[in-house]
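Structural characterization, general
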Amino acid sequence: MFVFAAELLKELTGIAKILNICAEKVKDHPEYVSILNEALKICRLPFLKEKASDEVTYAQDVIEFLSHMGCLMRVSDAAVRQQIVESVKSFYSSVAPKQQPDGLQSTSPGYRLQLLELSDLAQTLLLSMATLKTQPAIKLQLLQTLQILSGSSDMNCALILNAHGAETICLHMNEPDPSGQVLFCSSEILWNLLERGRKDEVTAQLSSMECVVSLKEAFFHLLMNGFQHADLQLRNDLLVITTLIAENPNSLLIVMKTQNPLVRNLKLSYSNEDLKMKKLLLNLLVIMSKDFSALQLYKEEQVMLALLTLVKPPAASSERRSGLRHWSSVQQEELQLQALATLATIAPLMLDNYMSCQGNACLLLLLDWCIGQDAFFGQGHGFHGAGGRGSKKAQMRHCIRVLRSVTSSGEESVNQDLCDQGTINQLLGVLMQMEASPDEEDDITLEIKSDIQLILSALCEADMHRKELFGSEGVEMTLHFLRKDSDKFYSGLGHNKLLLSTVDCVWSCVVGCYTTEDFFLVREGVSLLLDLLTWSPRCVHGIVLATLLELCDNANTPSHILSWRDDGGQTAPRLLLQLWRREEEELGVGRSQHGEITDPQRPILSHHQQENTQPPLPANRASAAVLEISENLRSKIYSIFCKLGFQELPGLSPKDYVTLSVVRRYLDFKVGEVWDEISRELSVDGVRPVSPDRESLSTICKIAEDTAKKVTAEQSSFLEQQEKENVSEEELMYTELKSHWKQLELTAKSWNDYVSKTSNYEILKNFMGQVLAVETTGAQGPAGVKVTLARAAIRAAGPDHVEPATQDPEYFSTVSVKD
């Protein structure tokens, strides 16, 4: 008999061989069982090394030894198997002896666990499950070991999954179990694999019919027989695993009507675990709704009626029947919100059932309750109750979501029923009541407002009478939101979505009805839309321009557009042409510095279209030239100018006229572009048109090119005329400058002359005389005094000097200067 006192790393290979020999002899020589047991007991202790480098040197020997340990599970003796699983469990809790043999050291902590991940031990233990049907105690210990392995290492989980561990565990979870712990351990292992392994791989393994049946049996067993808190938790865990399987599109999970009367008459308690199960079942309803057979079963089992019952407003405490247990207010609120979230998905798929259960009336009653003033304080618990603490905001949010989902389906009977019940006026009232509330706006409030506008758009879009019901009150609502502060657009709370839904509301609820259109125009709605164009990002321009274009069908709209000015005095035509230039710059259309056409053969072709070398599309798909119309703003801007006209547009610069010449010919260019595309596709396909058709194609392409050349010449004429005007204005400016400087020179000369008369002695001698008169003219400064002098001759020294004749007085006015 061999007994090992310790396991040196360098001796593990020999020990493994001895253990294998003993395992082979156990069947005929039972005395070898004790040897195996003693050796496996010693395996619980850390391995020993003589020097530090032994851990690296003998790493492969350790890996092979651990793999051999798993192979020993083939020995049918229960004691041997028990020693193996207990030894593996001890790896995670073993403590090294205080004294080691001289010259030996224990391997470092975690050394054996790291190498275990590289061995086949986890896989071998899993595969041995099939041999333990007659040894339930060993099976439980093995499951506990696998639970430790899967819960401690991602690599162990990957190894177990590679051996189809999830499927194996699931298929053995319902076998006879005196301890009652097998199902619990199996569930824990599956959870470890889901959390630490590959979730998609786990669900794929559990999606087989056998695994689905096994999970169903385990769930119903706990549903009918589980009363302890741990049993209820385990039941819910299995339901979560089932839900994850249902999310796998390849799963074989199906919904079947049960015939078990105990299940059909099941009465749940009002514990938190039962609440969680009901919420999980509601979530499973949503996931399974993608299956048509599940929807049929929902109808048969009156799932819609049950959901609408759950969403009813909570009854007052005085109305509750005394002596009966019921859900608490918190529990009831969570179920109500979960049911509303479920309805938002299921109701559009079951509209007939929804209408037969008076779904619209139920939701409108709930909406009335949401805006009522009765005392109700939401607890805000759970995912669906976010933002609703102390109010009914969470209920309103999900109620509006359900209404939005059913109206967006486009079913006329549903929408008509809502309108017959006064939904349009009710929603307008709710929206403006929320807007008038002093509460600070948050993301949930903005979402509700936006959803209400989307509902109104869905109701009114195709019905004139409903647009009339929308009326002036609805128009005032849209104007109010169009005036919202532009600074909030990028707040991140949802003001951008609210603005888009407002413009959509104008398009769907206002445009097309002359009474609402005229009121919108009178209230300066067009000005607000144009203001929106000036500051909004490019992603908003499309819907705004489309709305303006639809409004242009009203004869009063063009005058409102042409009379608009922004804060800088810019006109609407100039704004539209600026948008055109930005759009062409974004598209990479070839233009000169002044906006002229640079390539007459491609006057409006975008850079993407020029580089597009993909093969021709099928005949039932639009080509790039046609798709381009809907993907950018140019077609909308062109159509608006067609309504406004191309003559006598206010506030345009020469550069704008250059751009306008291209806009005016946009349709001609687009037609030529389409024909050129047809010609190129024929060439690529190797198709040669008959001679008349080829001549027609050539003529059409030539006409388009000639048109582009004419536009180019027109643009050059605009620029030349502008250049001449600039030169003329420059010459006029220089003439005015010269005249101005000449006047300054004359003024300066006059002043110098005056100063000379009063300060230069030689000149002053000629003006010596007598002041005859002084007059005041009323002007300020020296210019206000008029002096009359009598000029007198100065006698020369000598007897022959002759006195000159008396001259007339000289009159002059002083030059006005500043004091």
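How each quantity is defined
Position numbers for residues count from 1 along each chain, tracking the sequence in the order it is written. Restriction of local features to residues with pLDDT of at least 70 applies here, the model being predicted, together with a cutoff of 80 or more for giving and counting side-chain atom pairs; totals for whole chains, interfaces and linings are based on all residues. The basis for every side-chain value is the complete set of heavy atoms in the structure, and neither hydrogens nor water enter the calculation. Exposure above 30% relative accessible area and no salt bridge define the residues that can form patches, which grow by joining like charges within 9 Å and nonpolar side chains of Val, Leu, Ile, Met, Phe, Trp and Tyr within 5 Å. Using a 1.4 Å probe, accessible areas were evaluated by the Shrake-Rupley method; residue-level cover was limited to the displayed protein chains. We define a salt bridge as a side-chain nitrogen of Lys or Arg found within 4 Å of a carboxyl oxygen belonging to Asp or Glu. Helix and strand assignments follow DSSP, with helices taken as H or I runs no shorter than four residues and strands as E runs no shorter than two, numbered in order from the N terminus. Multiplying 1.5 Å by the residue count of a helix minus one yields the expected span of that helix. Between buried and exposed lies partly exposed: a residue is buried under 20% and exposed over 50% of the maximum accessible area for its type, with that area taken using a 1.4 Å probe on protein chains only. Any two residues whose heavy atoms approach within 4.5 Å are treated as being in contact. Classification of ring pairs rests on two measures: the distance between centres of Phe, Tyr or Trp rings, Trp counted by its six-membered ring, which must be within 6.5 Å, and the angle between planes, read as stacked under 30 degrees, edge-to-face over 60 and tilted in between. The rule is short: NZ of Lys or CZ of Arg within 6 Å of the ring centre and within 35 degrees of the ring normal puts a charge over the ring. Confidence of the prediction at every residue is given by pLDDT, a number between 0 and 100. Each axis is a line fitted through C-alpha atoms, and for a helix only the stretch in contact is used; angles between axes span 0 to 180 degrees, taken between their N-to-C directions. An angle below 35 degrees is treated as roughly parallel, one above 145 as roughly antiparallel, one from 65 to 115 as roughly perpendicular, and anything else as oblique. Amino acid classes used here: Ala, Val, Leu, Ile, Met, Phe, Trp, Tyr, Cys and Pro are nonpolar; Asp, Glu, Lys and Arg are charged; the rest, including Gly, are polar. Crossing handedness: left-handed means the near helix sits turned counterclockwise from the far one by under a right angle, and right-handed means the same turn made clockwise.

Another aspect to go through is a nonpolar patch on the surface. There is a patch of nonpolar side chains on the surface, built from Met-733, Tyr-734, Leu-737, Trp-741 and Leu-744 and spanning about 530 Å² of accessible area. Here Leu-737 lies in helix H38 (residues 691–759).

Another point: helix H14 (residues 229–246). Given a rise of 1.5 Å per residue, 18 residues ought to cover 26 Å, and the 26 Å separating the end C-alpha atoms of H14 matches this to within 8%. All of the buried residues along H14 are Leu-232, Leu-234, Arg-235, Asn-236, Leu-238, Leu-239, Ile-241, Thr-242, Thr-243, Leu-244, Ile-245 and Ala-246. Residues of H14 that are buried sit in contact with helix H11 (182–196), helix H12 (199–205), helix H13 (209–225) and helix H16 (272–288).

The subject of this paragraph is the packing of aromatic side chains. Working definition: an aromatic ring pair is given by the centre-to-centre distance plus the angle between the planes. On inspection of all chains with the given rule, the structure shows 7 aromatic pairs. When the ring of Phe-47 is compared with that of Phe-65, the centres are 5.8 Å apart and the planes differ by 85°; the resulting orientation is edge-to-face. On the criterion of sequence distance, the pair formed by Phe-47 in the loop between helix H2 (32–42) and strand S1 (48–49) and Phe-65 in helix H4 (residues 59–71) is long-range, its members being 18 residues apart. The class of Phe-65 is buried, set by a relative accessible area of 1%. Pairwise contacts between aromatic rings join Phe-489, Tyr-490 and Trp-535 into one cluster. Here Arg-112 stacks its cationic end above the ring of Phe-47, 5.0 Å away from the centre of that ring. If you follow Lys-392 out to its NZ or CZ, it ends over the ring of Trp-369, 4.6 Å from the centre.

Looking now at the confidence of the model for the protein chain. For the protein chain, the mean per-residue pLDDT works out to 84, and 85% of the residues sit at or above 70. Averaged pLDDT values over the elements of the protein chain bottom out at 39 in strand S5 (residues 810–813) and peak at 96 in helix H20 (residues 351–356). Low pLDDT (under 50) marks residues 1–5, which in the prediction has 8 contacts with non-local residues, meaning those over four places away or in another chain. Taken together, the stretch residues 792–819 has pLDDT below 50 and engages in 36 contacts with residues farther than four places along the chain or on a different chain.

Bringing the side chain of Thr-407 into the picture now. Turning to its location among the elements, Thr-407 is positioned in helix H22 (residues 393–407). Thr-407 gets classed as buried once you look at its relative accessible area, which sits at 2%. Here Thr-407 is in contact with Asn-415, Leu-418, Ile-455, Ala-458 and Leu-459, once residues within four sequence places are set aside.

Now for the packing of helix H27 (residues 495–510) against helix H28 (residues 514–522). One can describe the packing of H27 onto H28 by two numbers: an axis separation of 9 Å at closest approach and a directional angle of 140°. By the angle class used here, H27 and H28 are oblique. Here H27 contributes Val-506, Cys-509 and Val-510 to the contact with H28, which in turn contributes Thr-516, Glu-517 and Phe-520. Residues of the contact of H27 with H28, tallied by class, amount to 4 nonpolar, 1 polar and 1 charged.

Right, let's talk about the packing of helix H18 (residues 303–310) against helix H19 (residues 329–346) for a bit. Running from N to C, H18 and H19 point in directions that differ by 140°, and their axes come no closer than 8 Å. Here H18 is positioned oblique relative to H19, judged by the angle of their axes. The chirality of how H18 crosses H19 is left-handed. Between H18 and H19, the contacting residues are Met-304, Leu-307, Leu-308 and Leu-310 on the first element and Gln-336, Ala-339, Thr-342, Leu-343 and Ile-346 on the second. In terms of residue class, the contact of H18 with H19 is made up of 7 nonpolar, 2 polar and no charged.

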